[in-house]
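The chain contents come next:
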Amino acid sequence: MVSLSSHPARALRGEIAMPGDKSISHRSIMLGSIARGVSTVSGFLRGEDNIATLDAFRAMGVQIHDDGETLRIEGKGLHGLTEAEDVIDCGNSGTSIRLLTGLMAAQRFYTVLTGDRYLRRRPMRRVVEPLSRMGACIHGRDNGEKAPLAIVGRPLTGITHDSPVASAQVKSALMLAGLYADGATRVTEPHLSRDHSERMFRHFGARLETDAAGVTVYGGHELAGRDIVVPGDISSAAFFLVAALIVPGSELLIRGVGVNPTRTGILDILAAMGGSVELLDQREVSGEPVADLLVRSSALKGIEIGGDVVPRAIDEFPVICVAAALAEGTTVIRDARELRVKETDRIAAMASNLRAAGATITETADGMIIEGTGRLNGATVESFGDHRIAMSMLVAGLAASGAITVSDTECIATSFPTFTALLDKVAVR
Ligand code: S3P
């Protein structure tokens, strides 16, 4: 178990580029593999989660060449995947297991999907249940709630699924199954979750319609290989945005960040807290909006967070909690119950860690109340095996009155293997 310590910084200064977006990197491998012809992917995130997806498709017979810069995927067409000889291990990756469950349900072969001890605790019935209504045959522990999942591929029929949670993983699993299903597969959700699947399906020539309530995919049409440039991950940029805001005297330019409106809740929340983040050179890359972000340290204040901004910032709440603890005034987070079923229970994990650093926090069923005092103490805390908890607490250490030590930090490699190197590059000591 590797512990890392983060020490108070004098400032964060300079320019950095973010590694590729995790969600888009997963989808590029999946669609590239089932398209006809060659796809190339540049900017692919080489984190453990995405490597799990890449290895899964290699195990199903897809040739994926990597020259260190660009991936070249020899797409096999909708029905070209072949049965993996062994169980497919998705590691810590919820996106891999849930999206693959949808895709595997429609294949003409048998698949077993599993993951690490954290992933095996996470809810899967949210995809298993609607897929079963499409005709899928999927078995899992706890009546289909938990991995390992055993999937016997079958012909599927389109359904309408009104998802009770705003979840891009649920939506995308059904969209992938819908590519193979007879007729139309429609998914609606209470608030729009990230729409990278919709954008990439379109880029690959899939037949689909989107409207205010959801997405409809029409099955039985082949996709065509494409070239994809993956933008930088705004969820990774979030750690540097908050770090620069909370360390006085900071000014940081973060280049090439994806600013898809379904992901920019963090920018809205930080602006409402009084943070200065400018979007420069806005452009579009492979159907996704991209910008450079210029962030300057700012006095932050507490705010209320709830409603449709929650799915638009869902992965950023751990670091938002850090910003809130260092703000002046109370921050109330509500409508964020989903945080309890992420890589760990992120409400409980952040409440426990920030309390250890001297913050006053009340947990609620769907969020928390953070009494911002503008200061945190040094502390020793846990990652709970969750990459975003680990990185958030290391960010907190930059602005605390003493060092923050985080145990079990190997998990950072699931999404952001270069995090500490980039932090060392811009932190003025
Ligand atoms: C993701 C969707 C979100 C997010 C996860 C990545 C995706 O999960 O938290 O990190 O790539 O579709 P949910 O769909 O469970 O909200």
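Cut-offs and rules
- Residues numbered from 1 in each chain as written.
- Predicted model: local features only at pLDDT ≥ 70, side-chain atom pairs only at ≥ 80, totals over all residues.
- Heavy atoms only, no water.
- Near = heavy atom within 4 Å.
- Polar contact = N/O pair within 3.5 Å; in protein donor to acceptor, adjacent residues only side chain to side chain.
- Helix = DSSP H or I, 4+ residues; strand = E, 2+ residues; numbered from the N terminus.
- Nonpolar A, V, L, I, M, F, W, Y, C, P; charged D, E, K, R; others polar.
- Axes fitted to C-alpha atoms, helices over the stretch in contact; angles between N-to-C directions.
- Parallel < 35°, antiparallel > 145°, perpendicular 65-115°, else oblique.
- Contact = heavy atoms within 4.5 Å.
- Pairing = 2+ DSSP bridges.
- Buried < 20%, exposed > 50% of the residue type's maximum accessible area, 1.4 Å probe, protein only.
- Expected span 1.5 Å × (residues − 1).
- Domains from an automatic or database assignment.
- Buried area = accessible area lost by both parts, 1.4 Å probe.
- Salt bridge = Lys/Arg side-chain N within 4 Å of Asp/Glu carboxyl O.

**Q** I tried to follow the site of the ligand on my own but got confused; where do I start?
**A** Around the ligand, the neighbouring residues are Lys22, Ser23, Arg27, Thr95, Arg98, Ser167, Ala168, Gln169, Arg194, Ile314, Asp315 and Lys342. Within the side chain of Ser23, one N or O atom sits 2.7 Å away from an oxygen atom of the ligand. With respect to the ligand, the side chain of Ser167 contributes an N or O atom lying 2.6 Å from an oxygen atom. If you list the elements that add at least two residues to the shell around the ligand, you get α1 (22–34), α3 (94–105) and α6 (168–178). At three residues, the largest contribution of residues to the shell around the ligand is made by α1. Of the residues assigned to the shell around the ligand, the class counts are two nonpolar, four polar and six charged.

**Q** Is there a simple way to explain the packing of α6 against helix α7 (residues 196–203) in this structure?
**A** Each pair of packed helices can be described by the angle between their axes along with the distance between the axes. Here α6 crosses α7 at 25°, and the two axes come no closer than 9 Å. Viewed along their axes, α6 and α7 adopt a mutual orientation that is roughly parallel. Contacts between α6 and α7 pair Lys171, Ser172, Met175 and Leu176 from the former with Ser197, Glu198 and Phe201 from the latter. Its residues placed into classes, the contact of α6 with α7 shows three nonpolar, two polar and two charged.

**Q** Whenever I open this one, the sheet that holds strand β6 (residues 88–89) confuses me. Can you help?
**A** The strands making up a sheet associate through hydrogen bonds between their backbones, and the pairing can be parallel or antiparallel. The mixed open sheet is built from four strands, whose spatial order is β6-β7-β9-β8. Of all strands in the sheet, those bounded by a partner on one side alone are β6 and β8 (137–140). As defined by bridge partners, β8 adjoins strand β9 (residues 146–152) across four bridges and the pair is classed as antiparallel. Note that in β9 the partner of Gly140 across the bridge is Leu149.

**Q** Whenever I open this one, helix α11 (residues 317–325) confuses me. Can you help?
**A** Residues that lie three or four places apart on an α-helix share one face, since the helix turns once every 3.6 residues. α11 sits mainly inside the fold: nine of its nine residues count as buried. Listed in full, the buried residues belonging to α11 are Phe317, Pro318, Val319, Ile320, Cys321, Val322, Ala323, Ala324 and Ala325.

**Q** Where do I start with the environment of Tyr118 in this structure?
**A** Looking at the element boundaries, Tyr118 is found in the loop between β7 (110–114) and α4 (125–133). Residue Tyr118 is classed as buried on the basis of its relative accessible area, which comes to 12%. A sequence separation of 225 residues divides Tyr118 from Glu343, and the C-alpha atoms of the two residues are 6.3 Å apart. Setting aside residues up to four positions removed in sequence, Tyr118 forms contacts with Asn92, Glu343, Phe384, Gly385 and Asp408.

**Q** I tried to follow the pairing of strand β5 (residues 70–76) on my own but got confused; where do I start?
**A** One face of the sheet, then the other: side chains in a regular strand alternate in exactly this way. Side-chain alternation along β5 places Leu71, Ile73 and Gly75 on a buried face and Thr70, Arg72, Glu74 and Lys76 on a face that remains uncovered. Here seven bridges tie strand β3 (residues 36–42) to β5, and the two strands are oriented antiparallel to one another. By the bridge assignment, Val41 is partnered in β5 with Leu71. Pairing analysis gives four bridges linking strand β4 (residues 63–66) to β5, with the strands arranged antiparallel. Paired with Asp66 across the bridge in β5 is Leu71. Hairpin remark: β4 followed by β5, antiparallel, with three residues in the connecting loop; positive phi at Gly68, about 95°.

**Q** Quick question: what am I supposed to make of α3 here?
**A** Helix length check: α3, at twelve residues, gives a terminal C-alpha distance of 17 Å against a target of 16 Å (1.5 Å per residue), a fit within 8%. Burial analysis of α3 places twelve of its twelve residues in the buried class, the great majority of the element. Regarding α3, the residues found buried are Gly94, Thr95, Ser96, Ile97, Arg98, Leu99, Leu100, Thr101, Gly102, Leu103, Met104 and Ala105.

**Q** Which parts of the structure should I look at to understand the domain arrangement of the protein?
**A** Accessible area lost upon the coming together of the parts serves often as the stated size of an interface. When the domains of the protein are assigned, the result is domain 1 (4–20 + 231–428) and domain 2 (22–229). The gap between the C-alpha centroids of domain 1 and domain 2 is 28 Å. Opposite the 31 residues of domain 1 that make contact, domain 2 presents 28 residues. Where domain 1 abuts domain 2, roughly 2500 Å² becomes buried across the two surfaces, and 50% of that area is made up of carbon and sulfur atoms. At the junction of domain 1 with domain 2, the criterion picks out three salt bridges. A salt bridge links Asp315 to Arg194; the shortest N-O distance between them is 3.1 Å. Where domain 1 touches domain 2, the interface holds 15 residue pairs in polar contact (both at pLDDT 80 or more). At the level of elements, β17 (288–296) and α13 (387–399) are the ones that each hand at least two residues to the side of domain 1 that touches domain 2.

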